[in-house]
Number of protein chains: 2
Amino acid sequence: MLVEKKHYKMQGFTTFNGQLIPEVNIGWESWGKLNAKRDNAILVTHYFSGSSHAAGRYQEDDLLAGYWDSIIGPGKPLDTDKYFIISSDTLVNQEPFNPQVITTGPATINPDTDRPWGLDFPVVTIRDFVEVQRSLLLSLGIEELHAVIGPSMGSLQALEWAIAYPEAVKRMVSVIGMGEADAWSCLGLQQWAEPILNDPLWREGNYYNSEAPTAGVQQTLMQISLAAMSPSIINRTFNKHYPLEAAPLKDIRQGFRMVDYFKAQSLAQAKYADANHLLYLIRANQLFIAGQGKTLNEGLQKIKAECLFLPATNDLLLRPAMSQLIHQELLSLGKTSRYAEIEGDWGHLDGLNSITSQAETLKQFIN
Amino acid sequence: MLVEKKHYKMQGFTTFNGQLIPEVNIGWESWGKLNAKRDNAILVTHYFSGSSHAAGRYQEDDLLAGYWDSIIGPGKPLDTDKYFIISSDTLVNQEPFNPQVITTGPATINPDTDRPWGLDFPVVTIRDFVEVQRSLLLSLGIEELHAVIGPSMGSLQALEWAIAYPEAVKRMVSVIGMGEADAWSCLGLQQWAEPILNDPLWREGNYYNSEAPTAGVQQTLMQISLAAMSPSIINRTFNKHYPLEAAPLKDIRQGFRMVDYFKAQSLAQAKYADANHLLYLIRANQLFIAGQGKTLNEGLQKIKAECLFLPATNDLLLRPAMSQLIHQELLSLGKTSRYAEIEGDWGHLDGLNSITSQAETLKQFIN
């Protein structure tokens, strides 16, 4: 299944916190066909380190397909024979320098100054991601969604959609998600920000004409990778690891081979990433409380969509208890909600890698 | 119960990796009396951020008693009416600048140069901590231990004791422990090192005549604090936290009140800590495999002590599965081993804060 990145431009976007972004540019992809009534659209919202590339390949010989290729396609749970599946790159996407990502954020040129926004870019929230998606959908004549579904940070957007536009969302699927960033999550996210904030090359966000804070970005990405994986998958991946390795035993300046490998992976990943974009993404997640009102309950009350929660049993990051909490609160409000767990050994990444274990649940829910 | 810090000096210590430390100084504390046969000693080995201050107060008006005061004292599981309880500060203790800690490490003056060792200090291992303790005990005429017990990094020392000196250890208690640092633990520990390694003030460990890398130390301590606590205790502690806080929503430069509070706590904790000592402590833990031989099994085979494992059910750092693994392997080797879990809501810190939930198990095992 081939797919191409498309471009949506939006003028004069006012953020949730009341600031103006004169021009927003985002990328988007789609699979399947929009029907004449324009009521067969399913929006897929992406995770923290992801993009709109949820399925298919840009070119036949691409090594990897989009992250949810296993559930998006002809005859799959998100059936491209029936539905028009669409996904867009978020604001402040982690990888503004990835040629396959179109996003607007601190690395974007501020039309007022002709220089990158840096920290003058407004703080954006998950609601802002939703509003930009809403604008894109309206530009295509799509006023209602058959479903909205996303993993991890994508689940925050999916839930926010169901609250912000209750009439427009028929079905909402939260995969490895949460309803609000509790204190523990806020502190955990802050730890991802600290390496960048403390990298001297970060220079309060003004590094676009100098060397970028790559060491900080690398550490941040290493933390994120580690948090997304279970101990058992890490240990299976590095099953040759021996603790009492000769070099690090001999000299404190020497590292473990396995650590060096992990660091090199994060450095490679840092190539397309931007330090400020990471800080803004972290902030958007820290600020999240579904509905962006006073309480989670106040937000959930507005939902009209049928809801499905699919946390991963062995997820240590967005733990099943966090999904269970929203599910139970929805039930107690008399809403329609289902709950099932994704089994697997990956931890948080089971939301991507083991999603097919709930393919049947998903298929029934979507149809 | 009052206690005083005592001082032990040792000449010419050769480390596990074959390097010489001309002079080792460590602090120690004791509770109860050594009997005439000198066979009633119980060694308590301390955790990563701890010291020999396991029980009692230095002065009547000390705010806090030692960390295991709940189980050490007259009539308590480690009964000072019956036993001579002793604990010592480890090599490379986290807090060389704490007036109540005596330790030897990179911050210590190297007698060969009259300047702090810095990174020329040899890499030390858990076995080295044990050897220094052994030397201290022999200096007191103690050749065998009624028991050795320690939490977290202390459990590594306790297990190492039972393997290094099988004839000398009658009972071994591993509280919130592990048998070896697997790949996941090694990577997790590395994340604690990164903020220091990347702090420009760290200067490859040569900061003793300049400004110390306090920002790096603070981040490291913040990571450690967070890893030691369960999500539920963090969320209960900060139960007034509201995600969509005004200042961080308005300005990316502004932080969350709760995060600022947590950071301030870590900064206060950094006062007595040393960056290089933290790096060496992290390394000692990364290198750990009980027995410090080729395999864990090879080490466990040597044990003659009766063993007891007390992991904490909600520990996300040294998870119960890690204790279960050693316990099962000991049983399959025909050794005597018991296993029970500490219930509580603290997470890893249940090994300190909720240890009394297994007071009876401990009492029966020790007596």
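Definitions and limits used
Residues numbered from 1 in each chain as written. Chains lettered and ligands numbered in written order. Predicted model: local features only at pLDDT ≥ 70, side-chain atom pairs only at ≥ 80, totals over all residues. Heavy atoms only, no water. Contact = heavy atoms within 4.5 Å. Buried area = accessible area lost by both parts, 1.4 Å probe. Salt bridge = Lys/Arg side-chain N within 4 Å of Asp/Glu carboxyl O. Polar contact = N/O pair within 3.5 Å; in protein donor to acceptor, adjacent residues only side chain to side chain. Domains from an automatic or database assignment. Nonpolar A, V, L, I, M, F, W, Y, C, P; charged D, E, K, R; others polar. Pairing = 2+ DSSP bridges. Helix = DSSP H or I, 4+ residues; strand = E, 2+ residues; numbered from the N terminus. Axes fitted to C-alpha atoms, helices over the stretch in contact; angles between N-to-C directions. Buried < 20%, exposed > 50% of the residue type's maximum accessible area, 1.4 Å probe, protein only. UniProt positions renumbered as here; feature names shortened; annotations may be inferred. Least-squares fit on C-alpha atoms with pLDDT ≥ 70 in both.

**Considering the interface of chain B and chain A**
The interface is formed by 62 residues belonging to chain B together with 62 residues belonging to chain A. Buried surface at the junction of chain B and chain A, summed over both partners, amounts to about 5100 Å²; 67% is from carbon and sulfur atoms. Contact with chain A buries area across many residues of chain B, yet W184, L187 and I252 of chain B alone supply 14% of it, more than any other trio. Our count for the chain B to chain A interface comes out at four salt bridges. Linking E194 of chain B and K263 of chain A is a salt bridge whose minimum nitrogen-to-oxygen distance equals 2.6 Å. Counting across the chain B and chain A interface gives 23 residue pairs in polar contact (both at pLDDT 80 or more).

**Brief notes about the domain arrangement of chain A**
All names here are of chain A. For chain A, the assigned domains are domain 1 (6–181 + 289–366) and domain 2 (186–280). The centre of domain 1, based on its C-alpha atoms, is set 26 Å off from the matching centre of domain 2. Contacts between the two partners involve 30 residues from domain 1 and, on the opposite side, 23 residues from domain 2. Buried area between domain 1 and domain 2, both sides added, is near 2300 Å², and the carbon and sulfur share of it is 66%. Between the two partners, domain 1 and domain 2, sit one salt bridge. Close ionic contact of R236 with D345 constitutes a salt bridge, the shortest N to O distance being 2.5 Å. Here domain 1 and domain 2 share 13 residue pairs in polar contact (both at pLDDT 80 or more) between them. A breakdown of the residues in the side of domain 1 that touches domain 2 according to their chemical character gives 16 nonpolar, 11 polar and three charged.

**Things to note about the sheet that holds strand β12 (residues 337–339) of chain B**
Within a sheet, adjacent strands bond to each other through the backbone by hydrogen bonds, running parallel or antiparallel. Residues and elements named next belong to chain B. The sheet built from eight strands is open, its strands ordered β1-β2-β6-β3-β9-β10-β11-β12 with mixed pairing. Each end of this open sheet is capped by a strand with a single partner; those strands are β1 (6–14) and β12. Each strand axis lies, on average, 20 degrees off the axis of its neighbour in the sheet, ignoring direction. Summarising the sheet, β1 and strand β2 (residues 20–31) pair through eight bridges and their orientation is antiparallel. When the bridges of β2 are listed, Y8 appears paired with I26. Of the strands in this sheet, β11 (306–310) and β12 are in contact with helix α10 (residues 320–332), which crosses β12 at around 155 degrees. The strands touched by helix α12 (residues 359–366) within the sheet are β3 (41–44), β9 (147–151), β10 (171–175), β11 and β12, with β11 carrying the most contacts at an inclination of about 170 degrees.

**What to know about the pairing of β3 of chain B**
Residues and elements named next belong to chain B. A two-sided burial pattern is seen for β3, the buried positions comprising A41 and L43 on one face and I42 and V44 on the other. Pairing geometry for β3 and strand β6 (residues 84–88), over four bridges, is parallel. Bridging across to β6, A41 finds its partner in F84. Note that β3 and β9 share three bridges and pair parallel.

**Quick look at the environment of H277 of chain B**
All names here are of chain B. Mapping H277 onto the fold places it in helix α8 (residues 275–286). The exposure class of H277 is buried, given its relative accessible area of 0%. Distance from H277 to T104, taken between C-alpha atoms, is 9.2 Å for residues 173 residues apart in sequence. Setting aside anything within four residues of it in sequence, one finds H277 in contact with V92, N93, Q94, P96, T103, T104, G105, P106 and A107.

**A short note on the UniProt feature "active site" (unreviewed entry) in chain A**
Residues and elements named next belong to chain A. Listed under "active site" (unreviewed entry) in the UniProt record, and renumbered for this structure, are D315. When you line up the elements, D315 lands in the loop between β11 (306–310) and α10 (320–332). Each residue touching D315, except ones within four places of it in the same chain, is listed here: I176, P320, G347 and H348.

**Brief notes about the relation of the copies chain B and chain A**
Taken as rigid bodies, chain B and chain A are interconverted by a rotation of 180 degrees and an axial shift of 0.0 Å, the fit giving an RMSD of 0.0 Å. One copy is carried onto the other by what is essentially a two-fold rotation axis. Within chain B, the C-alpha atom positioned nearest to the axis of rotation is that of P195 of chain B, 3.4 Å from it. A shared interface surface links the copies, since 100% of the contact residues of chain B are contact residues in chain A too.

**Remarks on unusual backbone geometry**
All names here are of chain B. You will see that S152, though not glycine, has its phi angle at about 55 degrees, which is positive. Considering the arrangement of structural elements, one finds S152 in the loop between β9 and α2 (153–164). The exposure class assigned to S152 is buried, which follows from its relative accessible area of 12%.

**As for the environment of P116 of chain B**
All names here are of chain B. Within the secondary structure, P116 sits in strand β8 (residues 115–116). Along the primary structure P116 and D128 are separated by 12 residues, whereas in three dimensions their C-alpha atoms are 20 Å apart. Setting aside residues up to four positions removed in sequence, P116 forms contacts with P106, A107, T108, I109, N110 and Y208.

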